[in-house]
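# Residue-level structure breakdown
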Amino acid sequence: MIKKILVSQPKPTSEKSPYYDIANRFDVELIFRPFIKVEGISAKEFRTQKVNILDHTAIVFTSRHAIDHFFNMAKELRITIPEDMKYFCVTETIALYIQKYVQYRKRKVFFGETGKIDDLVPTMVKHKNEKYLVPMSDVHNNSLEMLLDSKKLQHCECVMYKTVSNDFTEEEVKNFDYDMLIFFSPSGIESLMKNFPDFKQDKIAIATFGPTTAKAAKDAGLRLDIEAPSEKYPSMTSALQHFLIENQE
């Protein structure tokens, strides 16, 4: 019987989150507690990459983390970002977040509709003379680099922030009594194993989102009870709801 679920993400900001509907419908307790956190790298670490921000005329942002750490790094390096710098973002929400740091002008901010970089690339191609800089996490693959290469765009990727384990306190370890754990990244699985080296799954149900997270869980010897997304259940909440219907009612 599932009564207490740990969701390894920050608590939803909207009261309309489907997670709350699930909690009410199935009478389960949801605890939101990220297993990982994002930290900026130091200016010294950044300089080792030999990347000059001002050599670029456009910045590509794939997340709000990237925006925060880009502008923080510029401040730490005492760089003034030119007013004519262009910004290309994977969603409008991320684009609007730039207002936290610079005056928002539509003529220099562009965004995609789907949240996927592939959707943003055609707009970047229309601005093929730009020199693109892509701030990234230390956890990334080279798919974005290959995509931009294939479109013959001038670009440079650089690490500006890193994903680290969000370690559990002694109290949290002692009170770790969940019936289900939900993970969204391989780093979350790594953090579980780091914080609980003697972890025994037994009856604890485990849900993962994305193929790389599922692989990391299986490689760690865990049994997967939910793998999302799937054709039938595109989101974690829809997959979770189906699982609870099958197992609770």
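In short, a report on the structure. Treat the numbers as computed from the prediction; the structure is a model and nothing was measured.

### Quick word on the packing of helix α1 (residues 18–26) against helix α10 (residues 236–248)
The interhelical angle for the contact between α1 and α10, taken along N-to-C directions, is 10°, at an axis separation of 10 Å. In terms of their interaxial angle, α1 and α10 are classed as roughly parallel. Facing α1, whose interface residues are P18, Y19, I22, R25 and F26, α10 presents M236, T237, L240, Q241, L244, I245 and Q248. Counted by class, the contact of α1 with α10 contains eight nonpolar, three polar and one charged residues.

### Comments concerning the nonpolar core
Ranked by internal contacts, the top residues of the largest apolar core, which has 45 residues, are F46, F61, F70, Y87 and M124. Setting aside residues no more than four positions away along its own chain, F61 makes contact with A66, I67, F70, F71, Y87, F88, C89, V90, I94, I98 and P135. In terms of nonpolar packing, the next biggest core, distinct from the first, is built from 22 residues, A23, L30, I226 and L240 among them.

### Focus on the side chain of H155
Inspection of the secondary structure puts H155 in strand β8 (residues 154–165). Classification of H155 by relative accessible area gives buried; the value is 18%. Polar contacts involving the side chain of H155 include one to the side chain of E157, which spans 2.7 Å. Here H155 is in contact with Y132, E145, L148 and D149, once residues within four sequence places are set aside.

### Digging into the sheet that holds strand β9 (residues 180–183)
Sheet strands line up and pair through hydrogen bonds in the backbone, either parallel or antiparallel. Taken in spatial order, the five strands make up an open sheet running β2-β1-β9-β10-β11, and their pairing is parallel. Looking at which strands have only one partner, the edges of the open sheet turn out to be β2 (29–32) and β11 (226–228). Averaged over all pairs of adjacent strands, the angle between their axes in this sheet comes to 15°, without regard to strand direction. One ladder, built from three bridges, connects strand β10 (residues 205–209) with β11; its direction is parallel. Residue pairing for β11: T208 is matched across the bridge by E227. Running over the sheet, α10 touches β1 (4–7), β9, β10 and β11 and is turned about 155° from β11.

Scoring rules and cut-offs
- Residues numbered from 1 in each chain as written.
- Predicted model: local features only at pLDDT ≥ 70, side-chain atom pairs only at ≥ 80, totals over all residues.
- Heavy atoms only, no water.
- Axes fitted to C-alpha atoms, helices over the stretch in contact; angles between N-to-C directions.
- Helix = DSSP H or I, 4+ residues; strand = E, 2+ residues; numbered from the N terminus.
- Parallel < 35°, antiparallel > 145°, perpendicular 65-115°, else oblique.
- Contact = heavy atoms within 4.5 Å.
- Nonpolar A, V, L, I, M, F, W, Y, C, P; charged D, E, K, R; others polar.
- Core = buried A, V, L, I, M, F, W, Y, C linked by side-chain atoms within 4.5 Å.
- Buried < 20%, exposed > 50% of the residue type's maximum accessible area, 1.4 Å probe, protein only.
- Polar contact = N/O pair within 3.5 Å; in protein donor to acceptor, adjacent residues only side chain to side chain.
- Pairing = 2+ DSSP bridges.

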